[in-house]
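Chain and residue survey
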Amino acid sequence: MQTNLSRRSFIKAVASASLVVGFQAASGTWVTAAHAAEAGDFAKLPPLDGTLHLDEATRNEYAQDFGQIVHEQPLAVLKPGSPRDISRVIRFARRNGIPIVGRGKSHTTFGQSQVQAGLVIDMSTLASIHAITDETITVDAGMRWYDLLKATLEQGLMPPVLPDYIGQTVGGTLSVGGIGGMSFKFGAQIDHVLELTVITGTGAVLRCSLTENRDLFETVLAGQGQVAVIVQAVLRLMPAPTNVRLYDLFYADLPTMMADLNLLMEEERFDQMEGWLLPQPNGGWAYLLEVIAFHAPDGPPDDATLLAGLHHVTSATQTADLSFWAWASRIPLDFPKRPRPWIDLFLPGSTALDFLGHVQATLRPLAADDRFSVLLIPMRPARSTRPLFRVPNEAYAFGFDILRTAPNDPAAIEAILAYNRELYDKNRAMGGTNYPISAVRLTPEDWQRHYGPEFPRLLAARHRYDPDNVFASGPDMFRNNQ
Ligand SMILES: Cc1cc2nc3c(=O)[nH]c(=O)nc-3n(C[C@H](O)[C@H](O)[C@H](O)COP(=O)(O)OP(=O)(O)OC[C@H]3O[C@@H](n4cnc5c(N)ncnc54)[C@H](O)[C@@H]3O)c2cc1C
């Protein structure tokens, strides 16, 4: 008993001596209680409701993301216990010249949620639902769409747009756009945000919407965390179906599938749809249109009406009936760690076929364990309303993704990154744009071109709401802390 007690007090004494009490900006190091007396001038850490993690293991964990290509080790990781923690830590970081990045579930692929020698704010510790009405949900930005949907379905409701995969956080997709099989009808997830509560680069907590602090609202949505951290969102909801019928329609060639996709975008016969280009073992491709009709348990849709006039290979059609939840949560939440140099672009409808022809002619596996498929998400850009969401200015467009699992080989990854850049350039020359979740090496000049006429809007908001450039430009968006 005596031994145990003294061991416990010994551990306590060591723990409090190694407790970090502040940061010395001159040396860029943390100051522990044991060395505080001889440390000279240092900034004291603010009191926190949550925890600040400085240990090597945690910092290594946050030097990774879904892409497993970029590894930037932060100085510390904040797991906030309250929005007040975020304000306090932003103010502390600002005073001490420490860059900050907000992070959801790190499903971006190229270091977007990492920061070298800075501070990561892991938003997933703040993940509560505050209110659900018949038309809206008020939710913390750290909540995953998976948990949000589960809760809204209990009320018979859903967000108008869901991504294919719902393991990301609300703040993570609102920072980039958030698209899925319903986007041809309802735009992106950011089009259904009614109000945000954010914390700016000065630590100020502000509400914003189309009628309050509009400049902030419109640069936080699809703004890649460059202006403020999103802590809470009020989102639109709509009635959800209980069941879906899934039709897998196979096509003999790509032009026929694209023509049907355009027709179906115009007619809106289905509730969701996406196209796939699937490489075949013989070197060819299969073309699959995945279309979904929502329905109630007692009323399956009329197949003949829905499929009339389409040009798929009718003998190959497959159908399946699922609950809406089974469909919406079809992709498992966790993936094994492998390099995933995905590229994600928006193709103008008018050039999509040419661009896809080039991809089919040039996309080749570099090794046996280099696997990929190509996803097409139909979009009608007129339905996207937020200025920083850069989609081609045409009647139809396509989200284009090469979903790739690459060999664990630096040379192969470099070759894939070079190929991604080539595709990015080609698409840009054809009038296309970038979806900024991609593993594509971009310069500040590329970002300026990406935002085009909206770049001054982003810059003005950054100067106003983050005057000391606290938010790290993770994707290296700005030249010399512009
Ligand atoms: C398997 C898989 C499937 C996917 N499917 C789709 C899809 O169908 N549609 C689609 O649109 N996307 C899809 N994505 C991409 C994904 O939606 C984006 O990468 C999204 O940004 C990831 O969210 P996250 O919570 O993981 O955010 P993170 O990757 O952690 O962060 C993404 C960016 O947002 C910033 N950020 C995160 N949280 C906040 C916050 N609270 N405030 C301010 N900035 C913040 C980060 O700094 C970073 O710049 C998919 C990704 C994967 C891995």
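Residues numbered from 1 in each chain as written. Predicted model: local features only at pLDDT ≥ 70, side-chain atom pairs only at ≥ 80, totals over all residues.

As for the overall build of the protein
Within the protein, the regular secondary structure consists of 14 helices and 22 strands. Against the compact-globule benchmark of 23 Å for 482 residues, the protein has a radius of gyration of 24 Å, which places it among compact chains. If one aligns the C-alpha atoms of the protein with their principal axes, the spans along those axes are about 80 × 55 × 50 Å. Across the protein, the fraction of contacts at a sequence separation of at least 24, relative to all contacts at a separation of at least 6, is 69%. (Helix = DSSP H or I, 4+ residues; strand = E, 2+ residues; numbered from the N terminus. Rg over C-alpha atoms; globule rule 2.2 N^0.38 Å. Contact = placed C-beta atoms within 7 Å.)

Topic: the domain arrangement of the protein
Its domain assignment divides the protein into domain 1 (2–93 + 104–123), domain 2 (125–239 + 444–481) and domain 3 (243–434). With centres defined by C-alpha atoms, the gap from domain 2 to domain 3 works out at 24 Å. Each partner contributes residues to the interface: domain 2 has 31 residues there, and domain 3 has 27 residues. Those elements that provide at least two residues to the side of domain 2 that touches domain 3 are helix 4 (145–153), helix 6 (183–186), helix 7 (214–220), helix 13 (444–451) and helix 14 (455–465). The leading source of residues in the side of domain 2 that touches domain 3 is helix 6, at 4 residues. Residue classes in the side of domain 2 that touches domain 3 are distributed as 16 nonpolar, 9 polar and 6 charged. (Domains from an automatic or database assignment. Nonpolar A, V, L, I, M, F, W, Y, C, P; charged D, E, K, R; others polar.)

Quick notes on unusual backbone geometry
Even without glycine at this site, Asn213 takes up a positive phi of about 45°. Position of Asn213 relative to the elements: it lies in the loop between strand 12 (205–208) and helix 7.

Description of the pairing of strand 9 (residues 136–140)
Relative to strand 9, strand 8 (residues 129–132) is paired through 3 bridges, and the arrangement is antiparallel. Bridging from a neighbouring strand, Ile129 pairs with Val139 of strand 9. Connecting strand 8 to the antiparallel partner strand 9 that follows it, the hairpin turn spans 3 residues. Sheet topology note: the strand 9/strand 13 (residues 228–236) ladder contains 5 bridges and is antiparallel. The residue of strand 13 that forms the bridge with Thr138 is Val234. (Pairing = 2+ DSSP bridges.)

Describing the site of the ligand
Close contacts around the ligand come from 33 residues, with Gly104, Pro163, Gly171, Gly172 and Gly225 the closest. When residues of the shell around the ligand are traced back to their parent elements, those giving at least two are strand 6 (100–103), helix 5 (170–174) and strand 13. Taken together, the residues of the shell around the ligand sort by class into 11 nonpolar, 19 polar and 3 charged. Counting the residues that make up the shell around the ligand, at least three belong to each of domain 1 (2–93 + 104–123) and domain 2 (125–239 + 444–481). (Near = placed C-beta within 6 Å.)

Description of the environment of Phe478
Looking at the secondary structure, you find Phe478 in the segment after helix 14. Considered as a pair, Phe478 and Trp447 are 31 residues apart in the sequence and their alpha carbons are 7.9 Å apart.

Section: the sheet that holds strand 4 (residues 51–53)
If you trace the 4 strands from one edge of the open sheet to the other, you get 4-5-7-6, paired in mixed fashion. Sheet topology places strand 4 and strand 6 at the edges, where each strand pairs with a single neighbour. Each strand of the sheet is rotated relative to its neighbour by a mean of 25°, with strand direction disregarded. Direction of pairing for strand 6 relative to strand 7 (residues 119–122): parallel, over a ladder of 4 bridges. If you follow Ile100 over to strand 7, its bridge partner there is Leu119. Its contacts with the sheet place helix 3 (residues 83–96) against strand 5 (76–79), strand 6 and strand 7, and it is angled at close to 170° to strand 7. (Axes fitted to C-alpha atoms, helices over the stretch in contact; angles between N-to-C directions.)

So, helix 14
Among the residues of helix 14, Leu458, Ala461, Arg462 and Tyr465 are the ones counted as buried. Along the axis of helix 14, the buried residues cluster in a sector spanning 100°; they form a single face. As for helix 14, its buried residues are in contact with strand 11 (193–200), helix 7, strand 13 and helix 13. (Buried ≥ 20, exposed ≤ 12 C-beta atoms within 10 Å, placed from the backbone. Arc of directions from axis to C-beta.)

Considerations on the packing of helix 8 (residues 254–267) against helix 11 (residues 352–362)
The contact between helix 8 and helix 11 brings their axes to 11 Å, and the two run at 145°. Seen along the crossing, helix 8 lies across helix 11 with a hand that is right-handed. Packed against helix 8, whose contacting residues are Leu254, Pro255 and Met258, the element helix 11 presents Ala352, Leu353 and Leu356 at the interface. Of the residues in the contact of helix 8 with helix 11, the class split is 6 nonpolar, no polar and no charged. (Left-handed = near helix turned anticlockwise from the far one by under 90°.)

Concerning helix 8
Counted at 1.5 Å a residue, the expected span for helix 8 with its 14 residues is 20 Å, and the 20 Å between its end C-alpha atoms agrees. Listed in full, the buried residues belonging to helix 8 are Met257, Met258, Asp260, Leu261 and Met265. Buried residues in helix 8, looked at end-on, bunch into an arc of 160°, giving them a common side. Every exposed residue of helix 8 that faces more than 90 degrees away from the buried side is listed here: Glu266 and Glu267. Within two residues after helix 8, Glu268 carries a phi angle of roughly 55°, on the positive side. (Expected span 1.5 Å × (residues − 1).)

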